[in-house]
Amino acid sequence: MSTVKAVGRFAPSPTGPLHFGSLISALASFLDIRSVGGHWMLRIEDIDPPREVLGASDVILRQLCAHGLHWDGPVLYQSNRLAAYAAAIEHLKSKDLAYYCSCNRKRLSTLNGIYDGLCRSLELISGETSVRIRLPSQPTLIGFYDHILGDYDQNITNYVGDFIIQRKDQLFSYQLAVVLDDHYQGITNVMRGSDLVDSTPRQIYLQRCLGYSQPQYAHIPIATNALGQKLSKQNCAASLKQGEESLTLWSALDWLQQSPPESLHNSSVNEIIEWAIAHWNSKKIKPSLSISAPHGF
Ligand code: GLU
């Protein structure tokens, strides 16, 4: 009997260099997969040009290598996958699982983020339109077991309603692209920040529409700054410091409650990574949505 290899991934958007928060996601998913001898894939989610920063992808690749986080196979750039996303949209439309919507920003702003289905039965054709998923007419409850947070349920009908898979400006939505590419890359284990836990039911719903298998999900806490905000480029999170990779890795392992020994502080990047793979235990991570970043990050 052949055993299926676990496949994990890190999927940064190239909006800037890695900071402590993004390194934690990369490190946790890497260790979780390497500790069971699986493959770790890298995907650059560059499908939103207005948000991207020139050169950020290359910086991210260099930072990962400097921290000993080496991926398997070629890097997948979502900007090379646009034809696959377009084909999936056609497929969903042909099955009546998606439709065009012409609602403008002003109207949508009155709906509190929950689409009311105005364009559902209008049979609009392509134009100044977005494309939305058509949820079943009955409320759709999606539940899954999160390997860190535990059971998670969401009624997507009440939470977002028919959600967008292609925007009016023709850009493909994160929800659609992530589902297609997790499938394309054969991902079996998704470990990422808790800010994406509420996106997971939409992703599971899309997987079901497309007949894909569902990966196993685990959402780790996000690292927050002194004001309790997620470390992010918008909140001016500091880029990881070159030359301090060992200290950063040790602090990230400590933050992930892996109890790295003090003696590992001065070890090389490779020694720290080797120790971390051998001692990785995802059950030690607190089932919490956020934890403050250590001082200095
Ligand atoms: N590209 C997303 C981000 O940088 C992560 C996507 C994912 O892990 O599903 O926040």
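Above this note sits the structure.
Model, not experiment: these values are computed from the prediction.

Thresholds applied
Residues numbered from 1 in each chain as written. Predicted model: local features only at pLDDT ≥ 70, side-chain atom pairs only at ≥ 80, totals over all residues. Heavy atoms only, no water. Helix = DSSP H or I, 4+ residues; strand = E, 2+ residues; numbered from the N terminus. Rg over C-alpha atoms; globule rule 2.2 N^0.38 Å. Buried < 20%, exposed > 50% of the residue type's maximum accessible area, 1.4 Å probe, protein only. Contact = heavy atoms within 4.5 Å. Areas by Shrake-Rupley, 256 points an atom, 1.4 Å probe, with all protein chains shown as cover. Core = buried A, V, L, I, M, F, W, Y, C linked by side-chain atoms within 4.5 Å. Axes fitted to C-alpha atoms, helices over the stretch in contact; angles between N-to-C directions. Parallel < 35°, antiparallel > 145°, perpendicular 65-115°, else oblique. Nonpolar A, V, L, I, M, F, W, Y, C, P; charged D, E, K, R; others polar. Pairing = 2+ DSSP bridges. Left-handed = near helix turned anticlockwise from the far one by under 90°. Salt bridge = Lys/Arg side-chain N within 4 Å of Asp/Glu carboxyl O.

Requested: an account of the overall build of the chain, with residues and values cited.
Along its length, the chain carries nine helices and twelve strands. The C-alpha radius of gyration computed for the chain amounts to 20 Å, which stays within 12% of the reference 19 Å derived for 297 residues, consistent with globular compactness. If one aligns the C-alpha atoms of the chain with their principal axes, the spans along those axes are about 65 × 50 × 35 Å. For the chain, the proportion of its 297 residues judged to be buried stands at 52%. When contacts within the chain are restricted to residue pairs at least 6 apart in sequence, long-range pairs at least 24 apart make up 77% of them. Of the accessible surface of the chain, which amounts to about 14300 Å², a share of 53% is contributed by carbon and sulfur atoms.

Tell me what's going on with the side chain of S246, and back it up with residues and numbers.
Its place among the elements puts S246 in helix α8 (residues 245-255). A residue is classified by how much of its surface remains accessible, and S246, at 18% relative accessible area, is buried. If we ignore the near neighbours within four places in the chain, the residues touching S246 are H265, S267, S268, V269 and I272.

Tell me what's going on with the nonpolar core, and back it up with residues and numbers.
The biggest cluster of nonpolar side chains holds 44 residues, and the ones touching the most others in it are L27, L64, L69 and L256. Within the residue set of this core, elements represented by two or more residues are α1 (20-34), β2 (39-44), α2 (56-66), β10 (216-220), α8 and α9 (269-279). It is α1 that contributes the most residues to this core, nine residues altogether. If we ignore the near neighbours within four places in the chain, the residues touching L69 are L23, A26, L27, F30, W40, L64 and I273.

Hey, could you go over the packing of helix α3 (residues 82-94) against helix α6 (residues 174-184) for me, with residue numbers and the actual values?
Axis separation between α3 and α6 bottoms out at 10 Å; the angle between their running directions is 105 degrees. Classed by the angle they form, the pair α3 and α6 counts as roughly perpendicular. Counted together, A84, Y85, A88, I89 and L92 of α3 and L176, A177, L180 and D181 of α6 form the full contact between these two elements. In the contact of α3 with α6, the residues fall into eight nonpolar, no polar and one charged.

Which residues make up the sheet that holds strand β3 (residues 76-77), and what values do they have?
Hydrogen bonds between backbone groups are what pair the strands of a sheet, and the pairing can be parallel or antiparallel. The strand order across the open sheet built from three strands is β1-β2-β3, with neighbouring strands paired in parallel fashion. The open sheet terminates on both sides in strands that have one partner only, identified here as β1 (7-10) and β3.

An account of the packing of α1 against α9 is needed here, citing residue identities and associated values.
Two packed helices can be described by the angle between their axes and the distance between those axes. Orientation of α1 relative to α9, taken along the N-to-C sense of each, is 60 degrees, at an axis distance of 8 Å. Of the possible angle classes, the one that applies to α1 and α9 is oblique. You can see that α1 and α9 cross each other, and the crossing is right-handed. The residues of α9 that touch α1, namely those facing L27, F30, L31 and R34, are I273, A276 and I277. The class makeup of the residues in the contact of α1 with α9 is six nonpolar, no polar and one charged.

Give a detailed account of the sheet that holds strand β4 (residues 98-101), specifying residues and quantitative values.
Spatially, β4-β5-β8 is the arrangement adopted by the three strands of the open sheet, whose pairing is antiparallel. The open sheet has two free edges, formed respectively by β4 and β8 (164-166), since each of these has just one partner strand. When the angles between neighbouring strand axes are averaged without regard to direction, this sheet yields 40 degrees.

Outline the pattern of salt bridges, listing residues and values.
Applying the stated criterion across every chain yields a total of twelve salt bridges. Here R34 ties to D72 by a salt bridge, and the two come within 2.8 Å at their closest N and O atoms. Of the two residues, R34 is situated in helix α1 and D72 in the loop between α2 and β3; the sequence distance between them amounts to 38 residues. On the accessibility criterion, R34 (21% relative accessible area) is partly exposed. R81 is the salt-bridge partner of D181, the closest N and O atoms lying 2.7 Å from each other. Placement of D181 in helix α6 and of R81 in the loop between β3 and α3 is noted, with a sequence separation of 100 residues between them. Several salt bridges share partner residues, and in doing so they unite R9, R43, E45 and D182 into one network.

Read these as geometric descriptors, not functional statements.
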